[in-house]
Amino acid sequence: IRKRGKIVMVVVFVALLCFVIGDFLSNSSAIFNSNREQIGEVCGKKINSAEFQRSVEAYTNFNKLEGNNVSEAEIRNEAWQTFVISNMLEDQMGKIGMSISQDELEYATKVNPHRELWNLQILKDENGNFSPQRLDGMLRAFKQLEEAPEDESVNNEYLKDVYNGWLCVERKLVNSMAYEKLVTLTASASRAPKAEKDL
């Protein structure tokens, strides 16, 4: 061993060097793949290619159900713009301590349906008018699907497509409500106080 001590040291050194290089390359590859999968970032929120593709598919299926003739490029743009606007509004509202609560969202869908919902074809009756009854029935079906996702009696492809599309509609609805809230706040802040007007 003493005669071959230098050779042993070289072998051990090379083995350690290979281990360190291998670990470095492995980590670098993981980081590279992670960065490659990430397709965008808005206000600190990241979106990867798989998540974005799911959003595109949801918009695609929902547009088909609505009978909208839109191109893939338009759908991808809509999915991306919704992501951008949603995170920008959320960031701005967070800075001033505002948000859209679940109660507000339920009020805008169940109690007093927001005008964003009035033009959806799946919510119109035979006369082409917005139907609160259809909306209520659809929300009930969604609740069943959420509570029993494996139940074949409520779990069908059509309902899943409508549900995934509805999640996109909800996100756009929240964006509209957030924008309206910010506009109202800005208008109130820029309005002169009544006491000042009376002077």
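Look above for the structure.
Rules used throughout
- Sequence order as written defines residue numbering, which begins from 1 separately in each chain.
- It should be noted that, the model being predicted, local features are given only for residues of pLDDT at least 70 and side-chain atom pairs only at 80 or more, the latter also being counted only at that level, while totals for whole chains, interfaces and linings use all residues.
- Water and hydrogen atoms were dropped before computing side-chain values, which therefore reflect all heavy atoms in the structure.
- Working definition: helices are DSSP H or I runs of at least four residues, strands are E runs of at least two. Numbering for both runs from the N terminus.
- Using a 1.4 Å probe on the protein chains alone, a residue whose accessible area is under 20% of its type maximum counts as buried, one over 50% counts as exposed, and one in between counts as partly exposed.
- Whether two residues touch is decided by their heavy atoms; if any such pair falls within 4.5 Å, the residues are in contact.
- Calculation of accessible area relied on Shrake-Rupley with a 1.4 Å probe; when residues are assessed, cover is drawn exclusively from the protein chains displayed.
- A fitted line through C-alpha atoms represents every axis, and for helices the fit uses only the stretch in contact; the resulting angles, taken between N-to-C directions, go from 0 to 180 degrees.
- Convention used here: angles under 35 degrees read as roughly parallel, angles over 145 as roughly antiparallel, angles from 65 to 115 as roughly perpendicular, and any remaining angle as oblique.
- Two helices cross in a left-handed way if the nearer one is turned anticlockwise from the farther one by less than a right angle. They cross in a right-handed way if the turn is clockwise.
- Polarity classes work like this: nonpolar for Ala, Val, Leu, Ile, Met, Phe, Trp, Tyr, Cys and Pro, charged for Asp, Glu, Lys and Arg, and polar for all others, with Gly in that last group.
- When DSSP finds at least two bridges between two strands, those strands are taken to pair.
- By definition here, a salt bridge exists when the distance from a side-chain nitrogen of Lys or Arg to a carboxyl oxygen of Asp or Glu is within 4 Å.
- Pairing of aromatic side chains requires ring centres within 6.5 Å, counting the rings of Phe and Tyr and the six-membered ring of Trp. Pairs whose planes differ by under 30 degrees are stacked, by over 60 edge-to-face, and all others tilted.

Undergrad: Would you take a moment to explain the overall build of the protein for this structure?
TA: For the protein, the count of helices and strands is 7 helices and 2 strands. Start at the N end of the protein and walk to the C end: the helices and strands fall as α-β-β-α-α-α-α-α-α. Relative to its 199 residues, the protein shows a buried fraction of 26%. Counting only contacts in the protein whose residues sit at least 6 apart along the sequence, the fraction spanning at least 24 positions is 60%. Approximately 14200 Å² of the protein is accessible, and the part contributed by carbon and sulfur atoms is 55%.

Undergrad: Help me out: how do you make sense of the environment of Leu185 in this one?
TA: By the secondary structure assignment, Leu185 is in helix α6 (residues 157-190). You can call Leu185 partly exposed: its relative accessible area is 40%. Excluding residues within four positions of it along the chain, Leu185 makes contact with Ile96 and Met98.

Undergrad: Is there a simple way to explain the packing of helix α2 (residues 49-66) against helix α3 (residues 72-95) in this structure?
TA: When two helices pack together, their arrangement is given by the angle between the helix axes and by the axis-to-axis distance. Between α2 and α3, whose axes approach to 9 Å, the crossing angle comes to 120°. When the axis of α2 is compared with that of α3, the two are oblique. Judged by the sense of rotation from one axis to the other, the crossing of α2 with α3 is right-handed. Contacts between α2 and α3 pair Phe52, Gln53, Ser55, Val56, Tyr59, Thr60 and Asn63 from the former with Ile75, Arg76, Glu78, Ala79, Trp80 and Thr82 from the latter. A class-by-class count of the residues in the contact of α2 with α3 yields 6 nonpolar, 5 polar and 2 charged.

Undergrad: How should I be thinking about the pairing of strand β2 (residues 45-48) in this particular structure?
TA: Taken residue by residue, a regular strand's side chains alternate between the two faces of the sheet. Of the pairings in the sheet, the one linking strand β1 (residues 38-42) to β2 comprises 4 bridges and is antiparallel in character. The residue bridging Val42 from the neighbouring strand is Lys45, located in β2. Between the antiparallel neighbours β1 and β2 lie 2 residues, among them Cys43 with a positive phi of about 55°.

Undergrad: Sorry if this is basic, but what is going on with the pattern of salt bridges here?
TA: A side chain of one charge can pair with a side chain of the opposite charge when the charged atoms of the two come close. Per the counting criterion, the structure on display carries 7 salt bridges. In this structure, Lys95 and Asp91 form a salt bridge, with 3.4 Å as the shortest nitrogen-oxygen distance. With Lys95 and Asp91 both in helix α3, this residue pair falls 4 residues apart, about one helical turn. Overall, the relative accessible area of 25% leaves Asp91 in the partly exposed class. Across the pair Glu126 and Arg134 runs a salt bridge, and its minimum N-O distance is 3.5 Å.

Undergrad: What should I look at first to understand the packing of aromatic side chains in this one?
TA: A ring pair, where both rings are aromatic, is described by two values, the distance of the centres and the angle of the planes. Within this structure, the stated rule accounts for 4 aromatic pairs. Judged by centre distance (6.4 Å) and plane angle (75°), the ring pair of Phe52 and Trp80 falls under edge-to-face. Of this pair, Phe52 sits in helix α2 while Trp80 sits in helix α3; the two residues are 28 residues apart in sequence, bridging distant segments of the chain. Among the residues examined, Phe52 registers a relative accessible area of 7% and is labelled buried. Owing to a relative accessible area of 27%, Trp80 belongs among the partly exposed residues under this scheme. For the pair Trp80 and Phe83, a centre-to-centre distance of 5.4 Å together with 35° between the ring planes defines the contact as tilted. With Trp80 and Phe83 both in helix α3 and 3 residues apart, the pair spans about one turn of that helix. Judged by its relative accessible area of 4%, Phe83 falls in the buried class. Taken together through their ring pairs, the aromatic side chains of Phe52, Trp80 and Phe83 make up a single cluster.

Undergrad: Explain unusual backbone geometry to me, please; I cannot follow it from the model alone.
TA: Excluding glycine, a negative phi dihedral is what most residues carry, and trans is how most peptide bonds are arranged. Non-glycine residue Cys43 carries a positive phi angle of around 55°. Tracing the backbone through its elements, the reader meets Cys43 in the loop between β1 and β2.

Just geometry here; none of it tells us what the structure is for.
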